[in-house]
2 protein chains.
Amino acid sequence: MAFCTAFIGLGTMGYPMAGHLLKAGHTVTAFNRSAEKAARWQQEHGGAVAATPAQAASRADFIFICVGNDDDLRAVVKGEGGIFDAARPGAILVDHTTTSATVARELAAEAQTRGLHFLDAPVSGGQAGAQNGKLTVMVGGDPAAFARAEPVIQSFAASCKLLGPSGYGQLCKMVNQICIAGLVQALSEGIHFARHAGLDVALVMEVISKGAASSWQMQNRWQTMLNNQFDFGFAVDWMRKDLGIALAEAARNGSALPVTQLVDQYYAEVQKMGGNRWDTSSLIARLEAGH
Amino acid sequence: MAFCTAFIGLGTMGYPMAGHLLKAGHTVTAFNRSAEKAARWQQEHGGAVAATPAQAASRADFIFICVGNDDDLRAVVKGEGGIFDAARPGAILVDHTTTSATVARELAAEAQTRGLHFLDAPVSGGQAGAQNGKLTVMVGGDPAAFARAEPVIQSFAASCKLLGPSGYGQLCKMVNQICIAGLVQALSEGIHFARHAGLDVALVMEVISKGAASSWQMQNRWQTMLNNQFDFGFAVDWMRKDLGIALAEAARNGSALPVTQLVDQYYAEVQKMGGNRWDTSSLIARLEAGH
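Criteria and thresholds
- Residues numbered from 1 in each chain as written.
- Chains lettered and ligands numbered in written order.
- Predicted model: local features only at pLDDT ≥ 70, side-chain atom pairs only at ≥ 80, totals over all residues.
- Heavy atoms only, no water.
- Phe/Tyr/Trp six-rings, centres within 6.5 Å; stacked < 30°, edge-to-face > 60°.
- Helix = DSSP H or I, 4+ residues; strand = E, 2+ residues; numbered from the N terminus.
- Buried < 20%, exposed > 50% of the residue type's maximum accessible area, 1.4 Å probe, protein only.
- Lys NZ or Arg CZ within 6 Å of the ring centre and 35° of its normal.
- Pairing = 2+ DSSP bridges.
- Right-handed = clockwise from strand over helix to strand, strands pointing away.
- Least-squares fit on C-alpha atoms with pLDDT ≥ 70 in both.
- Salt bridge = Lys/Arg side-chain N within 4 Å of Asp/Glu carboxyl O.
- Core = buried A, V, L, I, M, F, W, Y, C linked by side-chain atoms within 4.5 Å.
- Contact = heavy atoms within 4.5 Å.
- Buried area = accessible area lost by both parts, 1.4 Å probe.
- Polar contact = N/O pair within 3.5 Å; in protein donor to acceptor, adjacent residues only side chain to side chain.
- Axes fitted to C-alpha atoms, helices over the stretch in contact; angles between N-to-C directions.
- Parallel < 35°, antiparallel > 145°, perpendicular 65-115°, else oblique.
- Nonpolar A, V, L, I, M, F, W, Y, C, P; charged D, E, K, R; others polar.
- Expected span 1.5 Å × (residues − 1).
- Domains from an automatic or database assignment.

Structural notes on the packing of aromatic side chains
Residues and elements named next belong to chain A.
Item 1. Scanning all chains against the criterion turns up eight aromatic pairs over all chains.
Item 2. Centre to centre, the rings of Phe 7 and Phe 64 are 6.0 Å apart; their planes meet at 15°, and the pair counts as stacked. Of this pair, Phe 7 sits in strand E1 (residues 4-8) while Phe 64 sits in strand E4 (residues 62-65); the two residues are 57 residues apart in sequence, bridging distant segments of the chain. Residues Phe 7 and Phe 64 agree in their burial class; the two are buried.
Item 3. Following the ring pairs from residue to residue traces out a cluster consisting of Phe 7, Phe 64 and Phe 156.
Item 4. The lysine or arginine in question, Arg 286, covers the ring of Tyr 266, its NZ or CZ lying 3.6 Å from the ring centre.

Structure follows, in structure tokens:
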């Protein structure tokens, strides 16, 4: 079934995701803060472009959002010219931004008072997953709204699951980032040690990547880590944003994240090295620099 | 081709490994510090039992060793009634103990002066890998000795690789343990956070175990971690022994292992909780106990 959709935010992730909605047969009216990028998207993919989030959302059944952070999200949803100004009753907002669970709950409650639905739906899979339409989508919100949105989200998803009520998509994404942070540091220490020990790192990785030390990060990042290649992937600035959200939530729910906290500080040091845009695997560059 | 072999140390790992040598058609004369366990092994598997390492090694082409630590290894190799007292010229010692690279180099040098060969060959794959004959074997030493030993080691190996000269098998094993330590802590923090956030941990693991956070540890340990089940697997005492060796080597080669060092201290706290024999995944028990 084809729907009338809107897409707010044509960044690294949103740009290809909105394209997949069109390819799946839905109509898409897009809004982007930089109009030039919206024009480029329209030229490449077709679809329509709007001057404000409200204008993009005014006729949509599903309004997808993929912006930078909590404040950006509040601005496009309830700011001037925002989605709440124009969305039709019954419309479903699907937010793919990685945000706090707090803002997800806040906007879901406000959406409900307006006869709208809001699903928090952060993704993992990175730029490659967005381009291939193979993202993992972690959703929080009302089960009935999820059931309606899920077939449309499938346009760019390999997996799309409801984790619980509003905020639970974001909480699941936090678990994902917590598991990655310490894991990448452990892998960095392993490769750093292997280099200093004079080992053939490629051979070591071949041997140990089949057993209890193996991970997606080991299999997909050891080679670029060894080559000091970090100009791709998921940027340190974004990882710090995500870890900040997770650490704040941990402070609220009383869980202890000592290594996650430490690795967040290591990422701050990578930023000081000029690594804001480097992939998260650049933790090894910090070790090699003697920090 | 069938060889005359000796096996020194019928512990959790050595017991089934020596059994696999027999099943592969080699003769095995075993020695174990506790004679009762050696008798039990003989009753279960056949083979012969000797009263000292020297007696076990006296006629062997290959002398396998799997004991506790550096000191145990020195004792069975060059102590009174040790292997060096009796081994035939040209015999190859294959040491499966996880030890320092220092003792591996020391014994390899001494073996050479006696016309013997010494390969350091620590394993990974745990008790299950030893029982199924599917261990990963990481070897350091002379390539010619490795070429002769490799088909015999294959009796209990899924993978057997030469990593470099003497000590390099041990160095590779250290990399393996370094990669595991921080990874298990990261996974523990993720599950601990998920619990406190009220998430359905099984569902979270199903969702994130397909992407960038995935690991062997996540796939094989999340459920037991959630159930506080730690009476299996690789014991904390052994992990601390291995991390101690790796941290000492890092101090020598100038590499920085800050998270590995921290996690080693966390394991010390697990020991204080009575977790000496618990699986390494018990790091989560420390978090749950509020340390």
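From this point, the narrative continues.
Structural notes on the pairing of strand E9 (residues 157-164) of chain B
Residues and elements named next belong to chain B.
Item 1. Across six bridges, strand E8 (residues 135-140) lies against E9 in parallel orientation. Its bridge partner being in E9, Met 138 is matched across the sheet by Lys 161.
Item 2. Note on the crossover from E8 through helix H7 (residues 143-153) to E9: the handedness is right-handed.

Comments concerning the relation of the copies chain A and chain B
Item 1. Aligned on chain B, chain A shows an RMSD of 0.0 Å; the corresponding rotation is 180° and the shift along the axis is 0.0 Å. Taken together, the rotation and translation relating the two chain copies correspond to the operation of a two-fold axis.

Focus on the pattern of salt bridges
Item 1. One pass over the full model with this rule turns up 28 salt bridges over all chains.
Item 2. Put simply, Asp 71, Arg 74, Lys 78, Glu 106 and Glu 110 of chain A are held in one network by salt bridges that share partners.

Focus: the pairing of strand E6 (residues 117-120) of chain B
Residues and elements named next belong to chain B.
Item 1. Pairing analysis gives four bridges linking strand E5 (residues 92-95) to E6, with the strands arranged parallel. Residue Val 94 lies in a different strand from E6, and its bridge partner there is Leu 119.
Item 2. Following the chain from E5 across helix H5 (residues 101-113) to the adjacent parallel E6, one finds a crossover that is right-handed.

Quick notes on the nonpolar core
Item 1. In this structure, Leu 199, Met 205 and Ile 208 of chain A together with Leu 199, Met 205 and Ile 208 of chain B are the most contacted members of the largest nonpolar core, which totals 92 residues.
Item 2. Discounting residues that sit within four places of it in the chain, Met 205 of chain A has contacts with Leu 187, Ile 191, Met 218 and Trp 222 of chain A together with Val 175 of chain B.

Examining the interface of chain A and chain B
Item 1. With 56 residues of chain A at the interface, the matching set in chain B holds 56 residues.
Item 2. Summed over the three residues of chain A that lose the most area to chain B, namely Glu 189, Phe 193 and Val 207 of chain A, the buried surface amounts to 14% of that side.
Item 3. Between the two partners, chain A and chain B, sit two salt bridges.
Item 4. Counting every contact that joins chain A to chain B gives 12 residue pairs in polar contact (both at pLDDT 80 or more).
Item 5. Secondary-structure elements contributing two or more residues to the side of chain A that touches chain B are strand E8 (135-140), strand E9 (157-164), helix H8 (168-196), helix H9 (201-208), helix H10 (216-226), helix H11 (236-253) and helix H12 (258-272) of chain A.

A few points about unusual backbone geometry
Residues and elements named next belong to chain A.
Item 1. Its identity is not glycine, yet Asn 228 carries a phi of approximately 55°, on the positive side.
Item 2. With respect to the helices and strands, Asn 228 occurs in the loop between H10 and H11.
Item 3. Residue class for Asn 228 comes out partly exposed when judged on its relative accessible area of 44%.

Some details on the packing of H9 of chain A against H10 of chain A
All names here are of chain A.
Item 1. Packing of H9 against H10 brings their axes to within 11 Å, and their N-to-C directions diverge by 175°. With respect to their mutual orientation, H9 and H10 come out roughly antiparallel. In this structure, H9 contributes Val 201, Ala 202, Met 205 and Ile 208 to the contact, and H10 contributes Met 218, Trp 222 and Leu 226.
Item 2. Among the residues making up the contact of H9 with H10, the classes are represented as seven nonpolar, no polar and no charged.

Comments concerning H12 of chain A
Item 1. Helix length check: H12 of chain A, at 15 residues, gives a terminal C-alpha distance of 22 Å against a target of 21 Å (1.5 Å per residue), a fit within 8%.
Item 2. Turning to H12 of chain A, its buried residues number three or more, namely Val 259, Thr 260, Val 263, Asp 264, Tyr 266, Tyr 267, Ala 268, Val 270 and Gln 271 of chain A.
Item 3. Structurally, H12 of chain A contributes buried residues whose contacts are with H8, H11 and helix H13 (283-288) of chain A together with helix H8 (168-196) and helix H12 (258-272) of chain B.
Item 4. Positive phi shows up at Gly 274 of chain A, right after H12 of chain A, with a value of about 95°.

Focus on the domain arrangement of chain A
By convention, interface size is frequently given as the accessible area that disappears when the constituent parts associate.
Residue and element names in this part refer to chain A.
Item 1. Looking at chain A, the domain boundaries give domain 1 (4-165) and domain 2 (171-288).
Item 2. The distance between the C-alpha centroids of domain 1 and domain 2 comes to 29 Å.
Item 3. Considering only the surface of domain 1 that becomes buried against domain 2, Thr 98, Ala 101 and Met 138 emerge as the three largest contributors, covering 40% of it.
Item 4. Taken together, the links from domain 1 to domain 2 amount to zero salt bridges.
Item 5. Our count for the contact surface shared by domain 1 and domain 2 stands at four residue pairs in polar contact (both at pLDDT 80 or more).
Item 6. When residues of the side of domain 1 that touches domain 2 are traced back to their parent elements, those giving at least two are helix H5 (101-113) and strand E7 (123-124).
Item 7. Ranked by residues supplied to the side of domain 1 that touches domain 2, first place goes to H5 with three residues.
Item 8. A breakdown of the residues in the side of domain 1 that touches domain 2 according to their chemical character gives five nonpolar, eight polar and one charged.

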